[in-house]
Amino acid sequence: MSTPRTFPIFTATPARPPAPRSPRVLALGMLLVLGIAGGAAGQEHPVPPLPHDAPVMLVGDPGFRPERLEPFTATFAMGPMGKSGPMAFGERVDARAHQTLSLERTTRDGRAVLIRHFTTRRPDGAQMGTGQITLDAETLLPLASQITQGGTTRSFDYDWTAFVVTQSPAPADDSIPARELTDLRVLEAGVHDIWMAALPLREGFSARIPVMMAGGGGKYWAVPR
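Quick caveat: nothing in here was measured; it's all calculated off a predicted structure.

Moving on to the overall build of the chain. Within the chain, the regular secondary structure consists of 2 helices and 12 strands. Taken from the N to the C terminus, the helices and strands of the chain come in the order β-α-β-β-β-β-β-β-β-β-β-α-β-β. Per-residue burial for the chain yields a buried fraction of 38% across its 225 residues. Expressed as a percentage of contacts within the chain between residues at least 6 apart in sequence, the contacts between residues at least 24 apart total 53%. When the accessible surface of the chain is totalled, it reaches about 12400 Å², and 54% of it is carbon and sulfur.

For the rest of this paragraph, the subject is empty space enclosed by the protein. Think of a ball as big as a water molecule: rolled over the atoms, this probe shows where empty space is left. Counted according to the given criterion, the structure contains 1 cavity of 30 Å³ or more. Roughly 30 Å³ of internal volume is contained in the largest cavity. In terms of lining, the largest cavity is formed by Leu135, Leu140, Pro142, Leu187, Glu188, Val191, Ile194 and Trp195. Counting only elements with at least two residues in the lining of the largest cavity, the list comes to strand 10 (187-188) and helix 2 (192-197). When the residues that make up the lining of the largest cavity are grouped by side-chain class, the tally is 7 nonpolar, no polar and 1 charged.

Turning our eyes to something else, we now look at the environment of Gly204. Mapped onto the elements of the fold, Gly204 is located in the loop between helix 2 and strand 11 (209-212). With relative accessibility at 66%, the residue Gly204 sits in the exposed group. Remark: the alpha-carbon pair of Gly204 and Arg225, spanning 21 residues in sequence, is separated by 7.0 Å.

Cut-offs applied
- Residues numbered from 1 in each chain as written.
- Predicted model: local features only at pLDDT ≥ 70, side-chain atom pairs only at ≥ 80, totals over all residues.
- Heavy atoms only, no water.
- Helix = DSSP H or I, 4+ residues; strand = E, 2+ residues; numbered from the N terminus.
- Buried < 20%, exposed > 50% of the residue type's maximum accessible area, 1.4 Å probe, protein only.
- Contact = heavy atoms within 4.5 Å.
- Areas by Shrake-Rupley, 256 points an atom, 1.4 Å probe, with all protein chains shown as cover.
- 1 Å grid on protein atoms, 1.4 Å probe; cavity = no way out; pocket = protein on both sides within 12 Å on 5 of 7 lines; lining within 4 Å.
- Points joined across faces, edges and corners; volume = space filled by probe spheres on them.
- Nonpolar A, V, L, I, M, F, W, Y, C, P; charged D, E, K, R; others polar.

Remember, this is a structural readout, not a statement about activity or role.
As structure tokens, then:
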């Protein structure tokens, strides 16, 4: 794998294992991650230094328990840009959008998969964006994704035999529609809420997990703890 950059927004240390069967717990976990990331940006709650001794946890590690994930639907109110620091309990902000996330289990071409959908709407109901990503149900490897925003649809196909990701339509500034993924299998950072819920979260847990962002092409070490 080429030298990755550290992607240090995953820094939660839960006091007890989450219940991946509960949509509410999954929603709270995602809010916790976003809250800590905001705190780091605002310097009100600086993120602790990244641990250098965290074990590497690769795709297929038995520590992942994707079989515990169950279908859910949850809607989040998204606050205004420029909000710095985590929200305090009881604090209210005017929602600028609402995002609905859902997860389903199904099969495609005889393969068990998970499909994570999202739809983002303005408070008046106008749709801002929608998309979905298909994951292998056993390994959580990303297989295909599609995002529609501003009337434009982008599709990504992850080929884990050739280790390339293909974007359609091809980027306007890139004449090569397919680009190298990496020399090992990685998870998609854009669905961290899904694979984080499959981790053996417990007090003191930490790991370095290789992830990528298909839309941006970056490869990182995610460090949940």
